[in-house]
Amino acid sequence: VRLCRCRCRALLSRPAGAVRERRGLAAGPEMHFGFQTVTEEERREKIYQVFENVAKKYDVMNDSMTLGIHRVWKDILMHKMNPCPGTLLLDVAGGTGDIAFRFINYVRSVRQRQLQRKLKHHQNLSWQEIFESYQKNKFNSLGDSQVVVCDINREMLKVGKQKAQHLGYSEGLSWVLGNAEELPFDDDKFDVYTIAFGIRNVTRIDLALQEAYRVLKPGGRFLCLEFSHVSNPLLSRLYDLYSFQVIPVLGEVIAGDWRSYQYLVESIRQFPPQEELKAMIEDAGFFKVDYENLNFGIVAIHSGFKL
């Protein structure tokens, strides 16, 4: 994969002539909202309301629902990406910043190891030269990397920005309000596109995949982490019991919102299985598409390349 060192100038707004027509965003045919049947526009509005309702308790609920395992899944996603300094990442539906913060930490770690190796191979450097080298590089700890977080929900972005400020993340991080089905970026801009636990809430998955392909550079990589279909029959029955009997109750107790978490459980059951999503990613134009099941398929990481 070709990873370019480039600065993210003029990324966050398109020239007027580059704005494309809205595609396929009319009310359209009926579709699923959980186990309900609604119009496309109704689904979009209902999903927006769900995440507006759960934004403030989103992280707490993620830890409660998955017993904290979602953190491990996101770490695996980052190691699978293996970004190097200079990588430009677009994280879609990443409003609370979980992937963005991991990306920054990972690149900083890689950058630090590179500096240590460089200094190790120059044993004749004086203490002052070593100190000056560290001082010089600490102001460019990401090596021109940048992550752009794009989310359609203002409340989710607000939570993410507050977390970033609290945790001290500012360098190499941008926040953009935008729709996955019509991204506000020019063609061929990003080295990597990620979407973690977001694609099943996109109204038109096919449009979101087309947009992911469009904004990636040739050689760029698509990575999707999402709840999927469990392969083990016994685990599947236990998982259903936990999902439908426990998660909505947790939603009511922790977030005061039974219905939103009932929808989130139902949306997982309505989401395409691994092979079907793989075919959809290939239809969008991606090559070398594959997926890795985690925890017997409770979640899966899908990967593809724009060649």
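Above this text sits the structure in question.
Report follows, based on the coordinates. The structure presented is a predicted model; accordingly, all values stated were derived computationally and were not measured.

1. A short note on helix α2 (residues 58-66)
Thinking step 1. Buried residues of α2: Tyr58, Met61, Asn62, Met65 and Thr66, and no others. The buried residues of α2 occupy one face: seen down the axis, they fall within an arc of 110 degrees.
Thinking step 2. A positive backbone phi angle near 60 degrees is found at Leu67, which sits one or two residues after α2.

2. Some remarks on the packing of aromatic side chains
Thinking step 1. Evaluation of the coordinates by the stated rule reveals 10 aromatic pairs.
Thinking step 2. Judged by centre distance (5.5 Å) and plane angle (25 degrees), the ring pair of Tyr193 and Phe222 falls under stacked. Here Tyr193 is found in strand β6 (residues 190-196), whereas its partner Phe222 is found in strand β7 (residues 216-227), with 29 residues between them in sequence. Of the two residues, Tyr193 and Phe222, neither departs from the other in class, the shared state being buried.
Thinking step 3. Taking 4.8 Å as the distance between ring centres and 40 degrees as the angle between the ring planes, the aromatic pair formed by Phe197 and Phe227 counts as tilted. Of this pair, Phe197 sits in the loop between β6 and α7 (205-215) while Phe227 is found in strand β7, placing the two residues 30 residues apart along the sequence. Comparing Phe197 with Phe227 shows no difference in burial state: the two are buried.
Thinking step 4. Connected via pairs of aromatic rings, a cluster forms that spans Tyr193, Tyr213, Phe222 and Phe286.
Thinking step 5. For Arg269, the ring lying beneath its charged end belongs to Tyr239, and the centroid distance is 4.7 Å.
Thinking step 6. Sitting over the face of the ring of Tyr213, Lys306 holds its NZ or CZ atom 4.9 Å from the ring centroid.

The rules behind the values
Here the residue index of a chain counts from 1 through its sequence in written order. Where totals are concerned, whole chains, interfaces and linings use all residues; where local detail is concerned, this predicted model gives features only for residues with pLDDT of at least 70, and gives and counts side-chain atom pairs only at 80 or more. Each side-chain value is worked out from all heavy atoms of the structure, with water and hydrogens disregarded. Only protein chains enter the calculation, and the probe is 1.4 Å; a residue is then buried if its accessible area is under 20% of its type maximum, exposed if over 50%, and partly exposed in between. Runs of H or I in DSSP of at least four residues are treated as helices and runs of E of at least two as strands, each being numbered from the N terminus. As used here, the arc is the angular range of directions from the helix axis to the C-beta atoms. Two aromatic rings from Phe, Tyr or Trp, using only the six-membered ring of Trp, form a pair when their centres are within 6.5 Å; if the ring planes differ by under 30 degrees the pair is stacked, by over 60 it is edge-to-face, and anything between is tilted. Remark: a charge is flagged as sitting over a ring if the NZ atom of Lys or the CZ atom of Arg is within 6 Å of the ring centre and within 35 degrees of the ring normal.

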